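Chain by chain, the residues run as shown.
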Amino acid sequence: MPASELPPPLPPETRTVGQLIAETIRFYQGSFWAVLPLGLSLAAVEQVNAGQATRVQTLVLAAAAPLMTASFVRACSLVGGAPWSWTAFALGVLIFLPVPFLMLVYALPAVAWLAFVGLAVPAAVVERLRFRDALVRGRRLGAVDYVHALRGLAAIAIVFALTKFVLALLLKDQADVAVRTSLFLADLVLSPMLYVGGALLYVDQAARVDSRQRPGRKRDADLHPSVDPVDPGRADAAVEPRPAAGGQP
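Cut-offs used in this document
- Residues numbered from 1 in each chain as written.
- Predicted model: local features only at pLDDT ≥ 70, side-chain atom pairs only at ≥ 80, totals over all residues.
- Heavy atoms only, no water.
- Axes fitted to C-alpha atoms, helices over the stretch in contact; angles between N-to-C directions.
- Helix = DSSP H or I, 4+ residues; strand = E, 2+ residues; numbered from the N terminus.
- Parallel < 35°, antiparallel > 145°, perpendicular 65-115°, else oblique.
- Left-handed = near helix turned anticlockwise from the far one by under 90°.
- Contact = heavy atoms within 4.5 Å.
- Nonpolar A, V, L, I, M, F, W, Y, C, P; charged D, E, K, R; others polar.
- Buried < 20%, exposed > 50% of the residue type's maximum accessible area, 1.4 Å probe, protein only.

Student: Even after reading the chapter, I still don't get the packing of helix α5 (residues 65-80) against helix α13 (residues 192-213), so can you show me in this structure?
Tutor: Helices that pack against each other are described as a pair by the angle of their axes relative to one another and the distance between those axes. At a minimum axis separation of 8 Å, α5 and α13 run at an interaxial angle of 50°. Overall, the two elements α5 and α13 adopt an arrangement that is oblique. As for the relative orientation of α5 and α13, their crossing is right-handed in sense. Of α13, the residues touching α5 (which contributes Met68, Ser71, Phe72, Ala75, Cys76 and Val79) are Tyr195, Val196, Gly198, Ala199, Leu200 and Val203. Of the residues in the contact of α5 with α13, the class split is 10 nonpolar, two polar and no charged.

This is the structure we're talking about:
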């Protein structure tokens, strides 16, 4: 189907996880050279962690919290069209620090934590909030549709991991480059999706909050009444008595 015949995307307040990923890719394509440097943070961390024990990898990732946060804050600035925010940076470092240790248990707890409070970072960038206000706003954004936030971040992480695996194999086998170089290139090109996707998830959740606060909304605004009104001056045709046969009462 030609692009001109494709249906328009859903508005952010009803956007699905699939459309969140599609919008992430679309934004990346439209701002490729501005977004690409965001991948340097994770690419550098992965190069340091290559071949290291799990405990060392956890400590390295925790130490890289400022670097990872800087990429996310920059992504929020690009998506939201807002300037850099040091409040968002400080908040993001604090929020990211538990992530490497949660990942020791499993990846899902880390994603669940970020879905719950991580949107405080784009809120601080776009809405220019102070530290405490941004934290409260982030929790509210995460809770308004937590299932969408959790599924959205999890889906973006899965797409990144699978695509990285395939791309690394292609670079290694077809381009005949070293394994570390192929992993670096894969992280550099693909990891910006993580940051851009998180910034776009803020747009979704903020729209959901606004739609629930919009005045004049009624749950049954578009529904017909379950029982039709009956004209008080007319007997119900279904129970109205009829004359008896033969004219008898």
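Now that the structure has been shown, we can carry on.
Student: Would you take a moment to explain the environment of Pro100 for this structure?
Tutor: Tracing the sequence through the fold places Pro100 in helix α7 (residues 99-105). Distance from Pro100 to Leu59, taken between C-alpha atoms, is 7.6 Å for residues 41 residues apart in sequence. Those residues in contact with Pro100 that lie beyond four places of it in its chain are Thr58, Leu61 and Ala62.

Student: Even after reading the chapter, I still don't get the environment of Pro122, so can you show me in this structure?
Tutor: You can see Pro122 is positioned in helix α9 (residues 120-127). Owing to a relative accessible area of 1%, Pro122 belongs among the buried residues under this scheme. In sequence terms Pro122 and Val79 are 43 residues apart; their C-alpha atoms lie 9.3 Å from each other.

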